[in-house]
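Tertiary structure, described
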Amino acid sequence: MSAGEPIRVLVVEDDPVAADAHVLYVGRVPGFVAVGRAGTGAAARRALERTPVDLLLLDLHLPDVHGLQLARSLRAAGHQADVIAVTSARDLAVVREGVSLGVVQYVLKPFTFATLRDRLLRYAEYYAAAGEASGQDEVDRALAALRAPAPAALPKGLSAPTLERVTGVLRETPDGRTAAEVAEEVGISRITARRYLEYLVDAARAARRPQYGQVGRPELRYHWLRER
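Predicted model, so just to flag it, every value in this text is computed and none were measured.

1. Considering helix 5 (residues 113-128)
For helix 5, which comprises 16 residues, the first-to-last C-alpha distance of 22 Å matches the rise-based estimate of 22 Å (1.5 Å per residue) to within 8%. By the burial criterion, the buried members of helix 5 are F113, T115, L116, R119, L120, R122 and Y123.

Given below as structure tokens:
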């Protein structure tokens, strides 16, 4: 890739809602462009054969192959694109295995645009490092660009324990829940429950659908998107 050209990203994600969100997120970060999307490992291989790619935004749980197995096969085939892994799995053994396969970052679901933007901008700084280092300090700075100093903060007024409880309620209910139902089960106000639910929608981990009753305006029902 020539200097000044955007970093080309292939989104590999089988969930159409999440894939749409990830493509949108990539396009909103200066210096990056989503050049395609693939819902399976086989589709990702075909995309890489016809389109130059610098970075894979790779879901680890694809319907036909585990993401790390895909990364390994791509390396064996000579593809040099780096990988940002997207997953809800928290197994540190998987994280260690990914390091040797070109996985430069992990993003845990659910995440917001701000979280992915931070990871992409850090990757861009790392990617821009070129030439011969003048010493150890310059090498350390290049590698440090990939390390986030702290987890991305939740929006003001939201807490991680409550988010976990709201998430648990949705996961356990295939038919979805309204904000009022979540509020009653978690023990928070309906307005507060709606804020957490909308956060999960923005993070592409939940979807909202109108529920029509006999009278009045339809009520929104929130559904958890399938686990990664």
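From this point, the narrative continues.
2. Some details on the packing of helix 7 (residues 160-171) against helix 9 (residues 190-202)
As a packed pair, helix 7 and helix 9 sit with axes 10 Å apart at the nearest point and diverge in direction by 75°. Classified by the angle between their axes, helix 7 and helix 9 sit roughly perpendicular to one another. Contacts from T162, L163, V166, T167 and L170 of helix 7 reach helix 9 at Y196, L197, Y199 and L200. Split into classes, the residues belonging to the contact of helix 7 with helix 9 amount to seven nonpolar, two polar and no charged.

3. Here's the deal with the packing of aromatic side chains
Within the structure shown, the criterion is met by three aromatic pairs. On the basis of an interplanar angle of 50° and a centroid distance of 6.1 Å, the ring pair of Y123 and Y126 is categorised as tilted. Pair noted here: Y123 and Y126 are both in helix 5, with a separation of three residues, about one helical turn. A ring pair is formed by Y123 and Y127, whose centres lie 5.6 Å apart and whose planes are at 45°; its orientation type is tilted. On the criterion of helical spacing, the pair formed by Y123 and Y127 is a turn pair, its members being four residues apart in helix 5.

4. Remarks on empty space enclosed by the protein
Under the counting rule described, the total for this entry stands at one cavity of 30 Å³ or more. Taken as a whole, the largest cavity spans an internal volume of roughly 40 Å³. Looking at the lining of the largest cavity element by element, the count peaks at three residues for helix 3 (residues 67-76).

5. Quick notes on the sheet that holds strand 3 (residues 55-59)
Strand order across the open sheet formed by five strands is 2-1-3-4-5, with parallel pairing between neighbours. The open sheet has two edge strands with one neighbour each: strand 2 (32-38) and strand 5 (103-108). Strand-to-strand twist of the sheet, defined as the mean angle between neighbouring strand axes without regard to direction, takes the value 20°. Here four bridges tie strand 1 (residues 7-12) to strand 3, and the two strands are oriented parallel to one another. If you follow L10 over to strand 3, its bridge partner there is L56. Docked against the sheet, helix 2 (residues 41-50) engages strand 1, strand 2 and strand 3, running at close to 160° with respect to strand 1. Strands in contact with helix 3 are strand 3, strand 4 (82-87) and strand 5; relative to strand 3, the strand with the most contacts, it is inclined by about 150°.

6. A short note on the pattern of salt bridges
Within the structure shown, the criterion is met by nine salt bridges. R119 is the salt-bridge partner of D118, the closest N and O atoms lying 2.9 Å from each other. For the salt bridge of R208 with E198, the shortest nitrogen-to-oxygen distance reads 2.4 Å. Here R208 is found in strand 7 (residues 206-211), whereas its partner E198 is found in helix 9, with 10 residues between them in sequence. Exposure remark for R208: the relative accessible area of 38% places this residue in the partly exposed category. Overlapping salt bridges bring together E13, D59 and K109 as one network.

7. A look at the pairing of strand 2
Strand direction decides the pairing type here: strand 1 and strand 2, joined by six bridges, are parallel. Residue L10 lies in a different strand from strand 2, and its bridge partner there is G36. One crossover worth recording links strand 1 to the parallel strand 2 by way of helix 1 (residues 16-27), and it is right-handed.

8. Regarding the sheet that holds strand 7
The three strands lie next to each other as 6-8-7, forming an open sheet whose pairing is antiparallel. Either end of the sheet is taken by a strand with one partner, and the two such strands are strand 6 (177-178) and strand 7. One ladder, built from two bridges, connects strand 6 with strand 8 (residues 219-224); its direction is antiparallel. Looking at the pairing, R177 lines up with Y222 of strand 8. Running over the sheet, helix 7 touches strand 6, strand 7 and strand 8 and is turned about 90° from strand 8.

Rules and cut-offs
Residues numbered from 1 in each chain as written. Predicted model: local features only at pLDDT ≥ 70, side-chain atom pairs only at ≥ 80, totals over all residues. Heavy atoms only, no water. Helix = DSSP H or I, 4+ residues; strand = E, 2+ residues; numbered from the N terminus. Expected span 1.5 Å × (residues − 1). Buried < 20%, exposed > 50% of the residue type's maximum accessible area, 1.4 Å probe, protein only. Axes fitted to C-alpha atoms, helices over the stretch in contact; angles between N-to-C directions. Parallel < 35°, antiparallel > 145°, perpendicular 65-115°, else oblique. Contact = heavy atoms within 4.5 Å. Nonpolar A, V, L, I, M, F, W, Y, C, P; charged D, E, K, R; others polar. Phe/Tyr/Trp six-rings, centres within 6.5 Å; stacked < 30°, edge-to-face > 60°. 1 Å grid on protein atoms, 1.4 Å probe; cavity = no way out; pocket = protein on both sides within 12 Å on 5 of 7 lines; lining within 4 Å. Points joined across faces, edges and corners; volume = space filled by probe spheres on them. Pairing = 2+ DSSP bridges. Salt bridge = Lys/Arg side-chain N within 4 Å of Asp/Glu carboxyl O. Right-handed = clockwise from strand over helix to strand, strands pointing away.

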